[in-house]
Amino acid sequence: MSHRTAAIGLAAAPLAATAAWASPAMTRSRLLRTVGFPRLAGRGDRGHVALTFDDGPHPKGTPAVLEALARLDVTATFFFLSAQVRRFPEVAAAVRDAGHELAVHGDLHRNHLFRSPAAVRRDIRSAVEIIGAVGGEPPRWFRPPYGVLTTSSLSGAHDVGLTPVLWTAWGRDWTSGISARRVADTVARQLRPGGTILLHDSDVTAEASGTWRGTVGALDLIASEVEALGCRLGTLGRHFRPDT
Ligand SMILES: [Zn+2]
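About the cut-offs
Residues numbered from 1 in each chain as written. Predicted model: local features only at pLDDT ≥ 70, side-chain atom pairs only at ≥ 80, totals over all residues. Heavy atoms only, no water. Helix = DSSP H or I, 4+ residues; strand = E, 2+ residues; numbered from the N terminus. Buried < 20%, exposed > 50% of the residue type's maximum accessible area, 1.4 Å probe, protein only. Areas by Shrake-Rupley, 256 points an atom, 1.4 Å probe, with all protein chains shown as cover. Pairing = 2+ DSSP bridges. Right-handed = clockwise from strand over helix to strand, strands pointing away. Arc of directions from axis to C-beta. Contact = heavy atoms within 4.5 Å. Donors = N, O, S within 2.8 Å, 3.2 Å for Na, K, Ca; no water. Phe/Tyr/Trp six-rings, centres within 6.5 Å; stacked < 30°, edge-to-face > 60°. Lys NZ or Arg CZ within 6 Å of the ring centre and 35° of its normal.

Which residues make up the overall build of the chain, and what are the values?
A count of helices and strands for the chain gives 13 helices and eight strands. Considering the chain as a whole, with its 244 residues, one finds that 56% of them fall into the buried category. Looking at the chain as shown, the accessible area adds up to about 10200 Å², and 52% of this sits on carbon and sulfur atoms.

What follows is the structure in structure tokens.
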């Protein structure tokens, strides 16, 4: 299943999509008030744009992204799959050591809509343990595979102290034949002050191998676009400061 299938609806309208999956009673009451929609959609400090990467760590894509970010002197938030952390712990540690923020994408990259509530809870708990152990502190942010939030995703994340965050702009960098210019242009069309950018440092769910090369090539252009907006580029931790 591609990212496109499930995620487009959520990117455009997280409220409607969440409401479709959640039971009506839960939708109208506690869970959604707890979550708060501007933050769920990724809207934060208007002097800032958050940069996020999903699906890593990846043995080639992640180091290439780290190198580009170091050159730009930018830190970002990495939504890890703990299944990937188990395979490439040294890559996960390098992300932490470079001062980036570790966050939770889950253990397996499976749509929560097609998993039992118990399986979703187990998946999130396991991911928090593994990613927290690498990061040295409890992770704060959660983004489910394909951006599909179910009632189980929301309550499972809440139970372990995670805040769900989706995105306002993406690079469609999982598609085959993607170029750096195309990734940057796609992001630029959706980019606004206070937004959150979704990219991928990994090709594990992409349509072709090596799609992260387009992502890496786009980072200079994206950083320039963000600067032109008068915003700083950085982590979700900075994006959602307590005083903003
Ligand atoms: Zn993903």
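Can you lay out unusual backbone geometry for me, pointing to particular residues and giving the numbers?
Look at the link from Gly56 to Pro57: it is a cis peptide, with omega at 0°. Tracing the chain through its elements places Pro57 in the loop between β1 (48-54) and α6 (61-72). Despite not being glycine, Tyr146 has its phi angle at roughly 65°, a positive value. In this structure, Tyr146 sits in the loop between β4 (141-142) and α10 (151-159). Positive phi, normally seen in glycine, also occurs at Arg172, with a value near 45°. As for its placement among the helices and strands, Arg172 is situated in the loop between β6 (169-170) and α11 (180-190).

Mind laying out the pairing of strand β3 (residues 101-106), listing which residues take part and the relevant values?
Of all six residues that make up β3, six are buried, and the element is covered over most of its length. Sheet topology note: the strand β2 (residues 77-81)/β3 ladder contains five bridges and is parallel. Across the sheet, Thr77 pairs through a bridge with Glu101, a residue of β3.

How would you sum up the pairing of strand β7 (residues 196-200)? Please name residues and give values.
With respect to burial, β7 is a largely interior element, five of its five residues being buried. As defined by bridge partners, β1 adjoins β7 across five bridges and the pair is classed as parallel. Residue pairing for β7: Asp54 is matched across the bridge by His200. Pairing geometry for β6 and β7, over two bridges, is parallel. Across the sheet, the residue bridging to Ala169 is Ile197, located in β7. Taken together, β6, α11 and β7 constitute a β-α-β crossover, and its handedness is right-handed.

Go over α11 with me, naming the residues and quoting the values.
Every buried residue of α11 is accounted for by Val183, Ala184, Thr186 and Val187. Buried residues of α11, seen end-on, are gathered within an arc of 160° and therefore sit on one face of the element. Lining the buried residues of α11 we find β6, β7 and α12 (212-228).

Let's hear about the coordination of the zinc ion: which residues, and what values?
Coordination sphere of the zinc ion, protein contribution only: Asp55 (OD), His105 (NE2) and His109 (NE2), at 2.1 to 2.2 Å. Every donor residue of the zinc ion comes from the same chain, spaced as D-x49-H-x3-H. On the criterion of sequence distance, the pair formed by Asp55 in the loop between β1 and α6 and His105 in strand β3 is long-range, its members being 50 residues apart.

Could you give an account of the packing of aromatic side chains, naming the residues involved and the relevant values?
As enumerated under the stated definition, the model contains five aromatic pairs in all. For the pair Phe78 and Phe80, a centre-to-centre distance of 6.3 Å together with 55° between the ring planes defines the contact as tilted. Each member of the pair, Phe78 together with Phe80, is buried. With 5.5 Å between their ring centres and 55° between their planes, Trp141 and Phe240 make a pair best called tilted. Here Trp141, found in strand β4, pairs with Phe240, found in the segment after α13 (236-239); they are 99 residues apart in sequence, far enough to count as distant. Grouping residues by exposure puts Trp141 and Phe240 together as buried. By way of ring pairs, the aromatic residues Phe53, Phe78 and Phe80 are connected into one cluster. Positioned above the aromatic ring of Phe79 is the side chain of Arg143, whose terminal nitrogen or guanidinium carbon lies 4.3 Å from the ring centre.

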